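Structural characterization, general
Spelled out, the chains give:
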Amino acid sequence: AQTVTQSQPEMSVQEAETVTLSCTYDTSESDYYLFWYKQPPSRQMILVIRQEAYKQQNATENRFSVNFQKAAKSFSLKISDSQLGDAAMYFCAYRTNRDDKIIFGKGTRLHILP
Amino acid sequence: EADIYQTPRYLVIGTGKKITLECSQTMGHDKMYWYQQDPGMELHLIHYSYGVNSTEKGDLSSESTVSRIRTEHFPLTLESARPSHTSQYLCASSNPSGNTIYFGEGSWLTVV
């Protein structure tokens, strides 16, 4: 069964600094998507960044980038120049094209210190 | 902006009542999902659908049921609510390629 593991329940970073959130996953599939979602307090879940497994190049979206290590089944999120608005729960998610189920990790709560 | 809507956003009901949480999307997506999430905790997949007349149970056992009579609608029903059903319920849909998942704003259910 596919699993997604986020080993950091909470993290804190100083404003303007860089922080990396960890995610590992377990699968026997070769064709899948990986996602990072952000959930601000009492607000809608929004997509931060996604990575297609067959693409070796790491995805980037402005201040957000990933380090995708397919062999190691690792998918970490790096947030550069952290801003107060980045404070939220961050969920790593996995989706296989085989059955379309989307599996989420337990989340990492990110605090931004002014 | 995602065109996926959930109603009600907040609901407090008594034990034993029947409730239906509505979810609708205007993007024509075939794939839709229901997740249950306790505050600050992980998301658990409880139901999903590949299209009209298709429904599957997710990884977390749930006493709720779903239906998919129309592409746009994926309602979730609890026949007899209990305090253990108190949680947030998130509806989502996926575009055909599966590379984007859109979430509704969630329905916060409290059973007293």
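Heads up: these notes are all about the structure in this document. The model shown is predicted, which means the values in this text are computed figures rather than measured ones.

**Some details on the pairing of strand β5 (residues 32–39) of chain A**
Residues and elements named next belong to chain A.
- The element β5 is extensively covered by neighbouring structure, given that 8 of its 8 residues are classed as buried.
- Side chains of β5 alternate between two faces, with Tyr32, Leu34, Trp36 and Lys38 and Tyr33, Phe35, Tyr37 and Gln39 buried alike.
- Here 6 bridges tie β5 to strand β6 (residues 46–52), and the two strands are oriented antiparallel to one another. Bridging from a neighbouring strand, tyrosine 33 pairs with glutamate 52 of β6.
- The loop that links β5 with its antiparallel partner β6 comprises 6 residues; one of these, serine 42, has a positive phi angle of about 55°.

**Focus: unusual backbone geometry**
- With an omega of -10°, the peptide bond running from threonine 7 of chain B to proline 8 of chain B counts as cis.
- Position of proline 8 of chain B among the secondary structure elements: in the loop between β1 (4–7) and β2 (10–13).

**Description of the state of the cysteines**
All names here are of chain A.
- All chains considered together, the criterion is met by 2 disulfides over all chains.
- The disulfide bridge from cysteine 23 ends at cysteine 92, spanning 2.0 Å between sulfur atoms. Given an S-S torsion of about -70°, the disulfide between cysteine 23 and cysteine 92 has left-handed geometry. A residue pair is termed long-range when its members are at least 10 positions apart, and cysteine 23 in the loop between β3 (19–21) and β4 (24–26) and cysteine 92 in strand β10 (residues 88–96) qualify at 69 residues. Of the two residues examined, cysteine 23 and cysteine 92, each falls in the buried class.

**Brief notes about the packing of aromatic side chains**
- Under the counting rule described, the total for this entry stands at 15 aromatic pairs over all chains.
- By way of ring pairs, the aromatic residues Tyr33, Phe35, Tyr37, Phe91 and Phe104 of chain A together with Tyr33, Tyr35 and Phe103 of chain B are connected into one cluster.
- Over the ring of phenylalanine 74 of chain B we find arginine 68 of chain B, and its NZ or CZ is 5.7 Å from the ring centre.

**Description of the environment of lysine 18 of chain B**
Residues and elements named next belong to chain B.
- Positionally, lysine 18 belongs in the loop between β2 and β3 (19–25).
- C-alpha separation for the pair lysine 18 and tyrosine 5, spaced 13 residues apart in sequence, amounts to 21 Å.
- Aside from chain neighbours lying at most four places away, what touches lysine 18 is Thr77, Leu78 and Glu79.

**Overview of the side chain of arginine 68 of chain B**
Residues and elements named next belong to chain B.
- Relative to the elements of secondary structure, arginine 68 occurs in the loop between β7 (65–66) and β8 (76–78).
- Of the side chains bearing the opposite charge, aspartate 30 lies closest to the buried arginine 68, which forms no salt bridge; the N-O distance is 5.2 Å.
- Separated by 2.6 Å, the side chain of arginine 68 and the backbone oxygen of aspartate 30 make a polar contact.

**Here's the deal with the nonpolar core**
- Grouped together as the largest cluster of nonpolar side chains are 27 residues, with contacts concentrated most on Leu21, Tyr25, Trp36, Phe75, Leu77, Tyr90 and Leu110 of chain A.
- Elements that contribute at least two residues to this core include exactly β2 (10–14), β3, β5, β6, β8 (64–69), β9 (74–79), β10 and β12 (108–113) of chain A.
- Counting residues per element, this core draws most heavily on β10 of chain A, which supplies 4 residues.
- Listed in part, the 18 residues of the second largest apolar core include Ala93 and Phe104 of chain A together with Leu90 and Ile101 of chain B.

Scoring rules and cut-offs
- Residues numbered from 1 in each chain as written.
- Chains lettered and ligands numbered in written order.
- Predicted model: local features only at pLDDT ≥ 70, side-chain atom pairs only at ≥ 80, totals over all residues.
- Heavy atoms only, no water.
- Buried < 20%, exposed > 50% of the residue type's maximum accessible area, 1.4 Å probe, protein only.
- Helix = DSSP H or I, 4+ residues; strand = E, 2+ residues; numbered from the N terminus.
- Pairing = 2+ DSSP bridges.
- Disulfide = S-S within 2.5 Å.
- Phe/Tyr/Trp six-rings, centres within 6.5 Å; stacked < 30°, edge-to-face > 60°.
- Lys NZ or Arg CZ within 6 Å of the ring centre and 35° of its normal.
- Contact = heavy atoms within 4.5 Å.
- Lys, Arg positive; Asp, Glu negative; His and termini not counted.
- Salt bridge = Lys/Arg side-chain N within 4 Å of Asp/Glu carboxyl O.
- Polar contact = N/O pair within 3.5 Å; in protein donor to acceptor, adjacent residues only side chain to side chain.
- Core = buried A, V, L, I, M, F, W, Y, C linked by side-chain atoms within 4.5 Å.

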